[in-house]
Amino acid sequence: MSSPLSFDVVVIGGGHAGCEAAAASARAGARTLLLTQKLETIGEMSCNPAIGGLGKGHLVREIDALDGLMGRLGDVSGIQFRLLNRSKGAAVQGPRSQIDRRLYREAMQAELADYPNLTLRAGTAESLMMNGDRVVGVVTGEGAEIRAGAVVLTTGTFLNGVIHIGEQRTPAGRHGEAPSVGLAADLYGAGLQMGRLKTGTPARLDGRTIAWDRLEMQAADDEPVPFSFLTDAITVPQIACGITHTTQATHDIIAANLGESAVYGGHLTGRGPRYCPSIEDKVVRFADKTSHQVFLEPEGLDDPTVYPNGVSTSVSPETQMAFLRTMPGLESVEVFRFGYAIEYDYVDPRELTPALEVKKRPGLYLAGQINGTTGYEEAGAQGLIAGLNAARQAAGSSPIQLGRDQAYIGVMIDDLVTRGVTEPYRMFSSRAEYRLTLRADNADQRLTPLGIEAGIVSADRAARFAAKSAYLSEASVFSRETLFTPKEAQALGINVNADGLRRSVRDLLAYPGVTLDAFASAYPVISTWPAAVREQVQIDAGYAGYLDRQASDAEALRREEGLGLDPDIDYAAIGGLSNELREKLSLIRPQTLGQAGRIEGMTPGALTALLSHVKKSAKMSAVAA
């Protein structure tokens, strides 16, 4: 019998979480295997071919800042770039692009095929190899054993997945691919808290049968804003998307056939994403509305397939065709593939540490929809952290954990492992209490130094980051130390009070309509700074007072996070805690007092009781020593 294969890290699944996990692990120096059912579906966009958006665009920038793949590959395959919330403050703006599905998939496959330290293999993982409670590898569907220092599961919707279309039930991970049953059994066997969630997708339309000339069209931005800090300009041709809407006739057809719906027909129990409801949900929950907007988004430059964003559904093909043809511009539409709902298993993310390692199964990391999230960006961000930490464990290093004050990635992971999910989790800027600091424009300044220290940032990115940082340092000093009297400011066209106070460039940039261009004639050095540097200086100036306040709040958070909690605390022995809180604390095992305070239902009195217990235990330990 041949010797089993051996890698430092094995990543299961070639979706967005798996690709980022495998690449991060390999960048960290681990010999990494990416095992997935079909090599030709690596990097596939199973649902809407789009990246970014509000909150999500921040995640893409943070992935990029840590030298991940999604941002760079989105820039070479994006066909409709738009900066969302452009009229609002920079903290809540979100870069987004419609993506050419083929270009992205091919770019991802080419990138990973030539990635140092990474091996790609087609196959399925049937079960986990164990040494006691520790995961030490996987067994493939062909019976081959693959040993590993750590394993990352990124199974998406494949765990016991079932597709629903009208009355049809088909076991599948996604259209045309088999579900993962053996791995699901292993996770249930580990005694993990698990549940069922659902998501869905709309029909894919033949764009050649759409009356585009009758639709409102939404163009791309004139000056596309890239995702990656390494991208100087977008060179992919840009397209427009169409906008149509449902009608009363649409709603009548759906209402008359609700029994065909996976949810309303009682065929599934998993809860779907509240912020991306099916058209059946919209018709029922918003019965007073007679119309819902639908975006018609082409899936590629040379692909006639169109994604109708806003009409995810699981009713029968006949009903889908009937209601689609009641929408303006779609009266003669033909369908390439009908929409469906998919129900799948997920692991309660409170079973994980902030490093995304399963507490009851050391050596096993989870990322993506298996943790109860939805979205490519959420999956990719988790994958990067899980892959990095798997590699670090295989090398005997401590994990890297991002705080809520450091990154949207940190906010998301803390939300997941502390609060769990009751519906698919989606990132929004409103989830981040430090969002003025955690902006998309400064993700590299926040995270690239950490990536360099962890050894996962390329020499090229590190050099470009150092050059940008030097410009930022120069610009920051200039903006703080260059002062103007009211008369000098007024001479530059800046309307300030004649109060005799000298104001810095930073102060003056906070005035409405004032940009660095106002000072460029007097200080030519400004024109030598890159556009991204000028933009960041202006944004920082506009938020100056708020940033100081958030820095103070973040420091208070760090003090709370600095008080570590013993992972073996007996919460049943602590007085002043309700039975419900004892159960939650015992399940989550918070690592710090700050994390304990964010557990749902935690009261000030309970937190005080916990703090008192910790201090008392520390004092007793000191006396014993």
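Details of the structure are given in the entry above.
Our subject in this report is the structure included herewith. Worth saying up front: this structure is predicted, and the values here are computed from it rather than measured. Here the residue numbering is sequential within each chain, running from 1 through the sequence in written order. With the structure being a predicted model, the display of local features is reserved for residues of pLDDT at least 70 and the display and counting of side-chain atom pairs for 80 or more, all residues being used for whole-chain, interface and lining totals. For the side-chain quantities, the full set of heavy atoms in the structure was used; hydrogens and water were omitted.

1. Some remarks on the overall build of the protein chain
Here is step 1: Helical segments are the DSSP runs of H or I of at least four residues, strand segments are the runs of E of at least two, and each set is numbered from the N terminus. Helix and strand counts for the protein chain stand at 20 helices and 22 strands.
Here is step 2: Taken over the C-alpha trace, the protein chain has a radius of gyration of 26 Å; the compact-globule value for 625 residues is 25 Å, and the two agree within 12%.
Here is step 3: Along the first, second and third principal axes, the C-alpha atoms of the protein chain reach 80 × 75 × 50 Å.
Here is step 4: Three exposure classes are used, based on accessible area relative to the maximum for each residue type with a 1.4 Å probe and protein chains only: buried under 20%, partly exposed in between, and exposed over 50%. A total of 625 residues make up the protein chain; the buried ones form 56% of that total.
Here is step 5: For the area figures, the Shrake-Rupley method with a 1.4 Å probe applies, and any residue is considered shielded solely by the protein chains shown. Of the roughly 25,300 Å² that the protein chain leaves accessible, carbon and sulfur atoms contribute 51%. Radius of gyration here is computed from C-alpha atoms only, and the compact-globule reference equals 2.2 Å multiplied by the residue count raised to the power 0.38.

2. Topic: the packing of aromatic side chains
Here is step 1: Centres within 6.5 Å make a pair out of two Phe, Tyr or Trp rings, where for Trp the six-membered ring is used; the pair is then stacked when the planes are under 30 degrees apart, edge-to-face when over 60, and tilted otherwise. With the rule as written, the count across this model stands at 5 aromatic pairs.
Here is step 2: Relative to Y523, the ring of F478 lies with its centre 5.1 Å away and its plane at 75°, an arrangement referred to as edge-to-face. With F478 in helix α12 (residues 459-481) and Y523 in the loop between α15 (517-520) and α16 (531-542), the pair connects residues that are 45 residues apart, well separated along the chain.
Here is step 3: A relative accessible area of 11% means that F478 is categorised as buried.
Here is step 4: Take Y523: its relative accessible area is 29%, and that puts it in the partly exposed class.
Here is step 5: Taking 5.4 Å as the distance between ring centres and 45° as the angle between the ring planes, the aromatic pair formed by F484 and F519 counts as tilted.

3. Comments concerning the sheet that holds strand β19 (residues 340-347)
Here is step 1: Overall, antiparallel pairing links the 4 strands, which are arranged β11-β10-β19-β12 in an open sheet. Across the chains shown, the open sheet's two edge strands, defined by having one partner strand only, are β11 (168-171) and β12 (194-201). Each adjacent strand pair in this sheet contributes to an overall mean axis angle of 25°, direction not counted.
Here is step 2: As defined by bridge partners, strand β10 (residues 162-165) adjoins β19 across 3 bridges and the pair is classed as antiparallel. Along β19, the bridge assignment pairs I163 with I342. One requirement defines pairing of two strands: DSSP has to find at least two bridges between them. Axis lines are fitted through C-alpha atoms, for helices just across the contact stretch, and the angle between N-to-C directions can take any value from 0 to 180 degrees.

4. Overview of the pattern of salt bridges
Here is step 1: Whenever Lys or Arg places a side-chain nitrogen within 4 Å of a carboxyl oxygen from Asp or Glu, that contact is recorded as a salt bridge. In total, this model carries 36 salt bridges according to the counting rule given.
Here is step 2: Note that E177 is salt-bridged to R174, the shortest N-O span being 2.8 Å. Across the pair, exposure class does not vary: E177 and R174 are buried alike.
Here is step 3: Between D206 and R208 there is a salt bridge whose closest N-O contact spans 2.9 Å.
Here is step 4: What emerges from the salt-bridge pattern is a single network uniting R404, D414, D415, R419, E433 and R598.

5. Here we look at a nonpolar patch on the surface
Here is step 1: Patch membership needs two things, relative accessible area over 30% and no salt bridge, and members are linked within 9 Å if like-charged or within 5 Å if nonpolar (Val, Leu, Ile, Met, Phe, Trp, Tyr). A grouping of V263, Y264 and V284 is seen on the molecular surface, where their side chains present a nonpolar patch of about 200 Å² in accessible area.
Here is step 2: Inspection of the secondary structure assignment puts V263 in the loop between α6 (248-256) and α7 (279-285).
Here is step 3: Overall, the relative accessible area of 31% leaves V263 in the partly exposed class.

6. Quick notes on the sheet that holds strand β4 (residues 78-84)
Here is step 1: Strand order in the open sheet made by the 3 strands is β3-β5-β4, with antiparallel pairing throughout. For this open sheet the edge positions go to β3 (50-52) and β4, each flanked by a neighbour on one side alone. Across this sheet, the average inter-strand angle for adjacent strands is 15°, counted without regard to direction.
Here is step 2: With 6 bridges joining them, β4 and strand β5 (residues 94-99) adopt antiparallel strand pairing. Its bridge partner lying in β5, G78 is registered against I99.

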